[in-house]
Amino acid sequence: MSATRTPAALVLEDGRIFRGSAYGAQGRTLGEVVFCTGMTGYQETLTDPSYRRQIVVQTAPQIGNTGWNDEDDESSRIWVAGYVVRDPARTPSSWRSKRGLDEELAAQDVVGISDVDTRTLTRHIREHGAMRAGVFSGDGLVADDEMVAAVAASPAMAGADLAGEVTTAQPYVVPAVGETRFRVAALDLGIKANTPRQLARRGIEVHVLPATSTVDDLLAVGADGVFLSNGPGDPETQSHAIELTKATLQREIPLFGICFGNQILGRALGLGTYKMRYGHRGINIPVIDAATGRVAITAQNHGFALEGEPGGRFDSPFGTAEVSHHCANDGTVEGLRCVDVPAFSVQYHPEAAAGPHDANPLFDDFVSLMHSRRPSTAQEARQ
């Protein structure tokens, strides 16, 4: 980092301003300010498409200690709208590091701010909720009232349709490792790179499809199962993905959804969704399995949640379903399981590359579900 510090400001929708120093690129960026409690894995966070149009505050006081490498990206680019840290590392220290975090932020034109009291900022967000915000530095740093006005004029996250901005433009295939046991159509609503890798390690040939794909596209793959990925924005806007999920359930093709995919499945089953006060973002969030009482520590990133009660059963257009998991901290819905059709989902990330790995066996559950439906259902659905 340069010894010369350029002034910067984080401006919140409610008029509160946090002063600091420019970090990464300089200029102006707008988005929803949210906090992430992960102490590690910042590279995976920054390249997670689910953070599209969000300004991420890292609650861990030191960020950038391990620099930036070329192996841990979860997608082809950094997706966050802006980045807020307290004490950026002066010099990265890792044998895997290729360059500093600040260098990568600048190279990808991500406007950030450092030297911010992130503890006070996080408490403010917890008290007042996630809100629109902006980071301003260099030529973008103007009078306070102008910055507040720019933030107030920016779009809100509620009602935001963002999956189409992060999905793949063309289908692609991740081959199975070893013998191909199953074929899965993965709907890319903002998929992370480690998800197809985890499926491939289990002998699954993964066909990653654009968010605009039709049920005919799914059937053309000859899929033994359908995967609904994570992604950004308001699930209420995803009418196409919801209808595609309904078509999958009607054909009784095994289905597994995570994060955004959990919300898509929930809405297909008739549940509503709502904007959370400040959401769940981090790698230390406890989730309770209603059937066993077992607690898993999970990685999460979501600002919307499904309506429902822990352990509750409900009727859907596809038979009985249940809230299979809930958050130990606040009781929010963390998973669904259908009783009469082969489908389940979780609100967290079993593929979490930065950990924890408590939920990784859910991929094995998906394999078991596909195996249990062979040969009749999957083959008949493709005919």
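In this text, all values refer to a predicted model and were calculated from it rather than measured experimentally. (Residues numbered from 1 in each chain as written. Predicted model: local features only at pLDDT ≥ 70, side-chain atom pairs only at ≥ 80, totals over all residues. Heavy atoms only, no water.)

Caption draft 1: Structural context of the overall build of the protein. Helix and strand counts for the protein come out as eleven helices and 20 strands. Taken over the C-alpha trace, the protein has a radius of gyration of 21 Å; the compact-globule value for 383 residues is 21 Å, and the two agree within 12%. Seen through its principal axes, the protein has C-alpha atoms that stretch 65 × 40 × 35 Å. Across the 383 residues of the protein, 58% fall into the buried class. A separation of at least 24 residues holds for 75% of the contacts in the protein among residues at least 6 apart in sequence. Within the protein, the 47 negative side-chain charges are centred at a point lying 3 Å from the centre of the 34 positive side-chain charges. (Helix = DSSP H or I, 4+ residues; strand = E, 2+ residues; numbered from the N terminus. Rg over C-alpha atoms; globule rule 2.2 N^0.38 Å. Buried < 20%, exposed > 50% of the residue type's maximum accessible area, 1.4 Å probe, protein only. Contact = heavy atoms within 4.5 Å. Lys, Arg positive; Asp, Glu negative; His and termini not counted. Charge placed at Lys NZ, Arg CZ, Asp CG, Glu CD.)

Caption draft 2: Fine view of the sheet that holds strand β1 (residues 7–12). What the seven strands build is a closed barrel, ordered β1-β2-β8-β6-β4-β3-β9; its pairing is mixed. With strand direction ignored, the average angle separating the axes of adjacent strands in the sheet is 35°. Note: strand β3 (residues 28–36) against strand β4 (residues 54–58), five bridges, orientation parallel. Bridge pairing in β4 links Glu32 to Gln54. (Pairing = 2+ DSSP bridges. Axes fitted to C-alpha atoms, helices over the stretch in contact; angles between N-to-C directions.)

Caption draft 3: Region of interest: the nonpolar core. Leu189, Leu249, Ile264, Leu269, Phe314 and Leu336 are the most contacted members of the largest nonpolar core, which has 36 residues in total. Those elements giving two or more residues to this core turn out to be β11 (182–187), α7 (215–221), β13 (225–228), α8 (239–250), α9 (260–268), β18 (319–327) and β19 (333–338). Looking at this core, the element that brings in the most residues is α8, giving five residues. Formed by 22 residues, the second largest nonpolar core is a distinct cluster that contains Val208, Phe256, Ile258 and Phe363. (Core = buried A, V, L, I, M, F, W, Y, C linked by side-chain atoms within 4.5 Å.)

Caption draft 4: Summary view of empty space enclosed by the protein. Enumeration according to the criterion identifies two cavities of 30 Å³ or more in this entry. Of the volumes computed, that of the largest cavity is approximately 180 Å³. Surrounding the largest cavity, 19 residues form its lining, Glu44, Thr45, Lys192, Ile283 and Ala299 being those nearest its centre. For the lining of the largest cavity, the elements supplying multiple residues, two or more each, are α1 (42–46), β15 (273–289) and β16 (295–306). Broken down by element, the lining of the largest cavity gets its largest block of residues, three residues, from β16. (1 Å grid on protein atoms, 1.4 Å probe; cavity = no way out; pocket = protein on both sides within 12 Å on 5 of 7 lines; lining within 4 Å. Points joined across faces, edges and corners; volume = space filled by probe spheres on them.)

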